Amino acid sequence: MTQDALIVINPNFPFRQVKTYPLSDIRKITIDKSKWKWLFAFCIFGSNYIAIQTADDTKKYFCVGLELDAYDENLTEKTMDSFQDSLRGKGIQTVFKLDKH
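What counts, and at which threshold
- Counting from 1, residues in each chain are numbered in the order their sequence is written.
- Given that the model is predicted, a residue must reach a pLDDT of at least 70 before its local features are reported, and side-chain atom pairs must reach 80 or more before they are shown or counted; all residues, however, enter totals for whole chains, interfaces and linings.
- Side-chain measures were taken over the full set of non-hydrogen atoms in the model, leaving aside hydrogen atoms and water.
- Paired strands, as defined in this entry, are two strands with at least two bridges between them according to DSSP.
- Numbering of helices and strands runs from the N terminus, with a helix taken as a DSSP run of H or I at least four residues long and a strand as a DSSP run of E at least two residues long.
- Axis definition: a line fitted to C-alpha atoms, limited for helices to the stretch in contact. Angles are taken between N-to-C directions and run from 0 to 180 degrees.
- Any two residues whose heavy atoms approach within 4.5 Å are treated as being in contact.
- Patches here: salt-bridge-free residues with over 30% relative accessible area, like charges joined within 9 Å, nonpolar side chains (Val, Leu, Ile, Met, Phe, Trp, Tyr) joined within 5 Å.
- Values of accessible area rely on a 1.4 Å probe in the Shrake-Rupley scheme; residue burial ignores everything except the protein chains shown.
- The term salt bridge refers to a side-chain nitrogen of Lys or Arg lying within 4 Å of a carboxyl oxygen of Asp or Glu.
- Exposed residues in this analysis have more than 50% of their type's maximum accessible area, buried residues have under 20%, and partly exposed residues fall in between, with area computed by a 1.4 Å probe over protein chains only.
- Among the buried residues, those of types Ala, Val, Leu, Ile, Met, Phe, Trp, Tyr and Cys that are joined through side-chain atoms within 4.5 Å form a nonpolar core.
- Only Phe, Tyr and Trp rings take part, Trp by its six-membered ring, and two of them pair if their centres are within 6.5 Å. Stacked means planes under 30 degrees apart, edge-to-face means over 60, and tilted covers everything else.
- Over a ring means this: the NZ of a Lys or the CZ of an Arg is within 6 Å of the ring centre and within 35 degrees of the ring normal.

### Re the sheet that holds strand β4 (residues 48–54)
Here is step 1 of the chain: Spatially, β5-β4-β3-β6 is the arrangement adopted by the 4 strands of the open sheet, whose pairing is mixed. Across the chains shown, the open sheet's two edge strands, defined by having one partner strand only, are β5 (58–62) and β6 (94–96). Taking each pair of neighbouring strands and ignoring which way they run, the sheet shows an average axis angle of 15°.
Here is step 2 of the chain: Against the sheet, helix α1 (residues 80–89) engages β3 (26–33), β4 and β6, with an angle of about 160° to β6.

### Observations concerning a nonpolar patch on the surface
Here is step 1 of the chain: Where nonpolar side chains cluster on the molecular surface, the patch consists of I7, I9 and V18 and spans about 290 Å² of accessible area.
Here is step 2 of the chain: By secondary structure assignment, the location of I7 is in strand β1 (residues 5–10).
Here is step 3 of the chain: Here I7 falls in the partly exposed class, since its relative accessible area comes to 38%.

### A look at the nonpolar core
Here is step 1 of the chain: Within the largest apolar cluster, 17 residues are counted, with the highest numbers of intra-cluster contacts made by L6, I26, I29, I31, I50 and I52.
Here is step 2 of the chain: Breaking this core down by element, the ones donating at least two residues are β1, β3, β4 and α1.

### Notes on the packing of aromatic side chains
Within a pair of aromatic rings, the relevant descriptors are the distance that separates the centres and the angle that separates the planes.
Here is step 1 of the chain: Inspection of the entire model under this criterion finds 1 aromatic pair.
Here is step 2 of the chain: Centroid distance Y21 to Y61: 6.3 Å. Interplanar angle 75°. Geometry classified as edge-to-face. Of this pair, Y21 sits in strand β2 (residues 17–22) while Y61 sits in strand β5; the two residues are 40 residues apart in sequence, bridging distant segments of the chain.
Here is step 3 of the chain: Stacked on the ring of Y21, the Lys or Arg K19 has its end atom at 5.3 Å from the ring centre.
Here is step 4 of the chain: In this structure, K60 is placed above the aromatic ring of Y49, and the distance from its NZ or CZ to the ring centre is 4.3 Å.

In structure tokens:
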């Protein structure tokens, strides 16, 4: 995330893409977990996702490697919790559903 944009990067073949959302265009971001088990068939081993809602559309992006904050047990420095904190700091409405599962 930059000062005025959220940049979504998918480095995985064949889905490689970079999508930039101006923060002013984002209405709401939902952070949740997919209930679909078929994701494993596509080698998607993470089921957490973010759904970015703008005035025109809602797009869902799976976040492999981003998990809930587990204090010192995380495999990555950044977590879904730190992502939500950054979004809220920018004034973006978030719906965080991961702690309800």
